[in-house]
Every structure is written in C-alpha cells, then in structure tokens.
Amino acid sequence: MRALCVYCGSNAGSNPAYAELARVLGARLANDGITLVYGGGNVGLMGIVADAALAAGGEVIGVIPEQLVNWEVAHKGVTRLEVVDSMHTRKMRMFELSDGFIALPGGFGTLDEMFEMLTWRQLGLGKKPCAFLDSNGFWQPLMQMLDTMVRECFLHAEQRDDMWQGSDIDAMLTWMQRYQPAQADKWLDEKRRSQLKTPSEPV
C-alpha cells in the first residue's frame, strides 16, 4: 500500500480518545511510509491526523472543494493540496489517489464518503479495502445496523463481512495489506438477486 485515504470529522468530538486515535494513526502511516490522503482540512480530526503525519515526516495529500477553501478551512501546510470543483470530484480524486480507505469517527461527511466507496465496490467499480477504525465503541451502533440490514435481506452477509472494524491499527493494516475482495456484485448474480426478493415476489 502506497497511500491510504482517511475519512474523519471536521470536529474533534467530545472524547479526547478520538483525537488521540487520529494522532496515532497519522504518525503510524508516516512511519510506515504510507502517504495520507484526506479531505484537506485544518480543523477537527482532519487537521489532527494531517498534522501528526506531517510531524512524523510523512507525505500528506489534501483534496478539498473550492467552497471549503473559501471558508478558510484548508490546510496550507500539507505536502500537496488539490482544490477541486465539487464534493463529487473530491470523492473520485481521493479514490484515484488511494489504495484503501479508513474511517475515523465523524459525522455525515465521513459516512457519506465511506459508504460511497462501499457502494462502488458492491457494484464492481472498485476493489479497495475499507476499514472502520474504532475508539470508545464509536462504530458499534453502525455495525449493529449493518447486521440488521443482513438479517432483513437488504445486504448480503459476504458484503457485510467484506470490511474491517476494530481498534487495533496493526491488525487493520495487516488486513488491508492481505485484502482479497469478496465476489459480491449483487446486480450481476441472478442467484443473489433472487435471494434478496421477499417471499411475495416472483423469483
């Protein structure tokens, strides 16, 4: 892995453990020679993970929409800052630059970005690993919601399992390095499509 994209909050959160996790991850990526790709901000967990990577001598690439630059939240000290025209372009550019994706605690934007990557992979548009790095049990309710999606037949079990969640950075990076994507393109597999139908629907 040459570069990993980190999605995270533009706020630091209420628990200091979130900021500490961002610092540890940023430093670890730099120490391992892995470029940090992130949203280009200088605030919240975004700024913390970028500053930690830079302080450890790492390369940091920020990708930020022009609107957010105008709001003066762009990090001017990163190795390279790419300014793009929209959030949609930002997602695509971050995808192009990265070999995998990590979600730290965050809000709407973090979920939007990570779930778009998961959806692209579900549709066969990418084969890059996605990991939810946890602290203080932040991602546990989301994992429970994914289990509900499987139980209620909105998501295949192998698609649910085709991601990583936990708090151990070593274990996460090992999983990402060894990652083999599940063959889980539900639109091209007739058997899987039939399994998602409700009993009242014709198969």
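The structure reproduced in this document is the subject of the present report. Throughout this document, residue positions are counted from 1 along each chain, in the order its sequence is written. Given that the model is predicted, a residue must reach a pLDDT of at least 70 before its local features are reported, and side-chain atom pairs must reach 80 or more before they are shown or counted; all residues, however, enter totals for whole chains, interfaces and linings. Side-chain numbers come from the whole structure's heavy atoms, not from hydrogens or water.

## Observations regarding the overall build of the protein chain
Tallying secondary structure elements over the protein chain gives nine helices and seven strands in all. The buried share among the 203 residues of the protein chain stands at 47%. Of the contacts formed within the protein chain by residues at least 6 apart in sequence, a portion of 67% connects residues at least 24 apart. A total of about 10300 Å² of accessible surface is found on the protein chain, and carbon and sulfur atoms cover 52% of it. Elements are defined by DSSP. Helices are runs of H or I of four residues or more, strands are runs of E of two residues or more, and each kind is numbered from the N terminus. A 1.4 Å probe rolled over the protein chains alone gives each residue an accessible area, and that area as a share of the maximum for its type sets the label: buried under 20%, exposed over 50%, partly exposed in between. A contact between two residues is defined here by any heavy atoms of the two lying within 4.5 Å. Reported accessibility uses the Shrake-Rupley method at a 1.4 Å probe radius. Residues are deemed covered only where the shown protein chains occlude them.

## What about the sheet that holds strand β3 (residues 60-65)?
Hydrogen bonding along the main chain pairs the strands of a sheet, whether they run parallel or antiparallel. Here, a strand pair is defined by DSSP locating no fewer than two bridges between the strands. Spatially, seven strands are ordered β4-β3-β2-β1-β5-β6-β7 in an open sheet, and the strand pairing comes out parallel. In the strand order of this sheet, the two ends are held by β4 (80-84) and β7 (164-166), each with one partner. The sheet shows a mean angle of 20 degrees between the axes of neighbouring strands, direction not considered. Two elements, strand β2 (residues 35-38) and β3, share three bridges in a ladder whose sense is parallel. Considered in β3, the bridge of Tyr38 is made with Gly62. Angles shown run from 0 to 180 degrees and are taken between the N-to-C directions of axes, each axis being a line fitted to C-alpha atoms and, for helices, limited to the stretch in contact.

## What to know about helix α8 (residues 169-177)
Since the α-helix turns once every 3.6 residues, residues separated by three or four places project in the same direction. Residues Ile169, Met172, Leu173 and Met176 constitute the buried set of α8. For α8, the angular spread of the buried residues around the axis is 95 degrees, confining them to a single face. If you follow the buried residues of α8, they end up packed against β1 (3-7), α1 (16-31), β5 (101-103), β6 (130-133) and β7. As used in this structure description, the phrase polar contact means that two N or O atoms lie within 3.5 Å; if the pair is within protein, one of them must be able to donate a hydrogen and the other to accept it, and residues adjacent in sequence are counted only when both atoms belong to side chains. Measuring from the side-chain oxygen of the N-cap residue of α8 to the backbone nitrogen of Asp170 gives 2.9 Å; that N-cap residue is Asp168. Picture the helix axis, draw a direction to every C-beta atom, and the arc is the one those directions span.

## So, the pattern of salt bridges
Between Lys or Arg on one side and Asp or Glu on the other, a salt bridge is scored when a side-chain nitrogen of the former is within 4 Å of a carboxyl oxygen of the latter. In the structure shown here, the tally under the stated rule is eleven salt bridges. Ionic pairing is found between Arg28 and Asp170, a salt bridge with its closest N-O pair at 2.4 Å. Separated by 142 residues along the polypeptide, Arg28 in helix α1 and Asp170 in helix α8 bring together distant segments of the chain. Measuring nitrogen to oxygen at the nearest pair gives 3.0 Å for the salt bridge that ties Glu82 to Arg80. Connected through salt bridges with shared partners, the residues Arg80, Glu82, Arg93 and Glu96 form a single ionic network.

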